[in-house]
Amino acid sequence: MCAEKQALRKKLLALRAAEPVEIRERRARAIAQTLFTLPQYQSAHTVFCYCSTAEEISTEAILLDALAQGKRVCVPRCAARGIMTAREISTLAQLQPGKFGIREPASSSPVVLPSEIDLCIVPCLCADPDGYRLGYGGGYYDRFLAQSTAYRIALCAADRLLQTPLPREATDIPCDYILTERR
């Protein structure tokens, strides 16, 4: 793993942890409202979306809206190290604490193939102008996104949208769109 990425990740995790809850909640509402207006979201039949932790940009409103819209909703379930699958849910009550304390569906939840997904909504600590994102270093999302042709949207705090390219590795998969509370 790139040492430059590790140092940046450590710094951003500390900044994010110190962020007031009110700012985080305001940001999540603004991002969700913008996402709902995007043609890629509106036309998506099957949406893959991460289940947010307390410090991440919340996806609860996104998941609830997608379910209310009658979209097929799938969320990650971690398997072996670095591997995750998309699992279909019909309600947030199906989610339970899983690997790393992140909510995920039971192992009995139906698997959704990456080829069936129209839209992937992924987390990031920061992103660059070319759509590359800095995640948590496990490679789960890059491995998953490499299997899908779905439109990719990363949710990012505006103050963590970098003006310069992130350090990259051959396995990094760019997103098509970086969505912040400002744009």
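Read on for an overview of the structure.

The rules behind the values
- Each chain has its residues counted from 1, running along the sequence as written.
- With pLDDT at 70 or above as the cut-off, local features in this predicted model cover only qualifying residues; side-chain atom pairs require 80 or more to be listed or tallied, and sums for whole chains, interfaces and linings still use all residues.
- Only hydrogens and water are set aside when side-chain values are computed; all heavy atoms of the structure are taken into account.
- Segments assigned H or I by DSSP are reported as helices when at least four residues long, segments assigned E as strands when at least two residues long, and all are numbered from the N terminus.
- Here the globule rule is a power law, 2.2 Å times the number of residues to the power 0.38, and the radius of gyration is based on C-alpha atoms.
- Only protein chains enter the calculation, and the probe is 1.4 Å; a residue is then buried if its accessible area is under 20% of its type maximum, exposed if over 50%, and partly exposed in between.
- Two residues form a contact once any of their heavy atoms are found within 4.5 Å.
- Accessibility throughout is a Shrake-Rupley quantity obtained with a 1.4 Å probe, and a residue counts as covered only by protein chains that appear here.
- In this charge count, Lys and Arg are treated as positive and Asp and Glu as negative; neither His nor the chain ends contribute.
- Think of each charge as sitting on NZ of Lys, CZ of Arg, CG of Asp or CD of Glu.
- Salt bridge, as applied in this entry: a Lys or Arg side-chain nitrogen positioned within 4 Å of an Asp or Glu carboxyl oxygen.
- Under the pairing criterion, centres of Phe, Tyr and Trp rings, with the six-membered ring standing for Trp, must be within 6.5 Å; the plane angle then separates stacked pairs below 30 degrees from edge-to-face pairs above 60, leaving the rest tilted.
- Strand pairing follows a simple DSSP-based rule, namely that at least 2 bridges must link the two strands.
- For every element, the axis is a line fit to its C-alpha atoms; helices are fit only across the contacting stretch, and the angle between N-to-C directions ranges from 0 to 180 degrees.
- Every helix has an expected span of 1.5 Å times one less than the residues it contains.
- Arc definition: directions from the helix axis to the C-beta atoms.
- The way it works is a 1 Å grid over only the protein atoms, where trapped points that fit a 1.4 Å probe form a cavity and open points with protein on both sides within 12 Å along at least five of seven lines form a pocket, and then any residue with an atom within 4 Å of a point lines it.
- Grid points are joined across faces, edges and corners, and a volume is the space filled by probe spheres set on the points.
- Note that Gly is not counted as nonpolar here; it falls among the polar residues with everything else outside the nonpolar set of Ala, Val, Leu, Ile, Met, Phe, Trp, Tyr, Cys and Pro and the charged set of Asp, Glu, Lys and Arg.

1. Notes on the overall build of the chain
So, step 1. Counting its secondary structure elements, the chain contains five helices and 11 strands.
So, step 2. Here the C-alpha atoms of the chain give a radius of gyration of 15 Å, agreeing with the 16 Å that 2.2 N^0.38 yields for 183 residues.
So, step 3. For the chain, the spread of C-alpha atoms along the three principal axes comes to 40 × 35 × 30 Å.
So, step 4. Looking at the chain as a whole, 49% of its 183 residues are labelled buried.
So, step 5. Here the analysis covers contacts within the chain between residues at least 6 apart in sequence; of these, 71% occur between residues at least 24 apart.
So, step 6. Only carbon and sulfur atoms are counted for the fraction: they give 53% of the accessible area of the chain, which is about 9,000 Å².
So, step 7. Averaging the positions of the 23 positive and the 20 negative side-chain charges in the chain gives two centres separated by 3 Å.

2. Details of the environment of Arg-183
So, step 1. The topology assignment puts Arg-183 in the segment after β11 (177-179).
So, step 2. Sequence separation between Arg-183 and Ala-17 is 166 residues, and the spatial gap between their C-alpha atoms is 23 Å.

3. Digging into the pattern of salt bridges
So, step 1. Enumeration over the complete set of coordinates arrives at 14 salt bridges.
So, step 2. Here Glu-88 makes a salt bridge to Arg-72, at a shortest N to O gap of 3.2 Å. Within this pair, whereas Glu-88 is found in strand β3 (residues 84-89), its partner Arg-72 is found in strand β2 (residues 72-78), the two being separated by 16 residues in sequence.
So, step 3. Several salt bridges converge on common partners, so that one network encompasses Glu-19, Arg-24, Arg-27, Asp-159, Arg-160 and Glu-181.

4. Comments concerning the packing of aromatic side chains
So, step 1. As enumerated under the stated definition, the model contains three aromatic pairs in all.
So, step 2. For the pair Phe-48 and Tyr-141, a centre-to-centre distance of 6.4 Å together with 55 degrees between the ring planes defines the contact as tilted. With a gap of 93 residues between them, Phe-48 in strand β1 (residues 46-49) and Tyr-141 in helix α5 (residues 140-145) connect regions that are remote in the sequence. Considered together, Phe-48 and Tyr-141 belong to a single accessibility category, that of buried residues.

5. Here's the deal with the sheet that holds β3
So, step 1. Across the sheet, which stays open at both edges, the seven strands sit in the order β6-β3-β2-β1-β7-β10-β11 with mixed pairing between neighbours. The open sheet has two free edges, formed respectively by β6 (111-112) and β11, since each of these has just one partner strand.
So, step 2. As defined by bridge partners, strand β10 (residues 151-155) adjoins β11 across three bridges and the pair is classed as parallel. Bridge pairing links Leu-155 to Leu-179 in β11.
So, step 3. Strand contacts of helix α2 (residues 21-37): β7 (119-123), β10 and β11, with the helix running at about 140 degrees to β11, the strand carrying the most contacts.
So, step 4. Along the sheet, helix α4 (residues 60-68) contacts β1, β2, β3, β7 and β10; its crossing angle with β2, the most-contacted strand, is approximately 140 degrees.

6. Observations concerning α2
So, step 1. With 17 residues, α2 should cover 24 Å at 1.5 Å per step; its first-to-last C-alpha distance of 25 Å lies within 8% of that length.
So, step 2. Of all the residues in α2, the buried ones are Arg-24, Arg-27, Ala-28, Ile-31, Ala-32, Leu-35 and Phe-36. One side of α2 holds all its buried residues, which, seen down the axis, span an arc of 160 degrees. Seen from the buried face of α2, the exposed residues on the opposite side, beyond 90 degrees, are Glu-22, Arg-26, Arg-29, Gln-33 and Thr-37.

7. Here's the deal with the layout of surface pockets
So, step 1. As a volume, the largest pocket reaches approximately 700 Å³.
So, step 2. Every residue lining the largest pocket is counted, 32 residues in all, and those nearest its centre are Tyr-136, Gly-137, Gly-138, Gly-139 and Tyr-140.
So, step 3. Elements with a minimum of two residues in the lining of the largest pocket: α1 (3-17), β2, β5 (103-105), β9 (133-134) and α5.
So, step 4. Residue composition of the lining of the largest pocket, grouped by class: 14 nonpolar, six polar and 12 charged.
So, step 5. Estimates place the volume of the second largest pocket at around 210 Å³.
So, step 6. Along its surface, the second largest pocket is lined by 15 residues, and Arg-24, Glu-25, Ala-28, Arg-29 and Ser-58 are the ones closest to its centre.
So, step 7. Taken together, the residues that form the lining of the second largest pocket break down as seven nonpolar, four polar and four charged.

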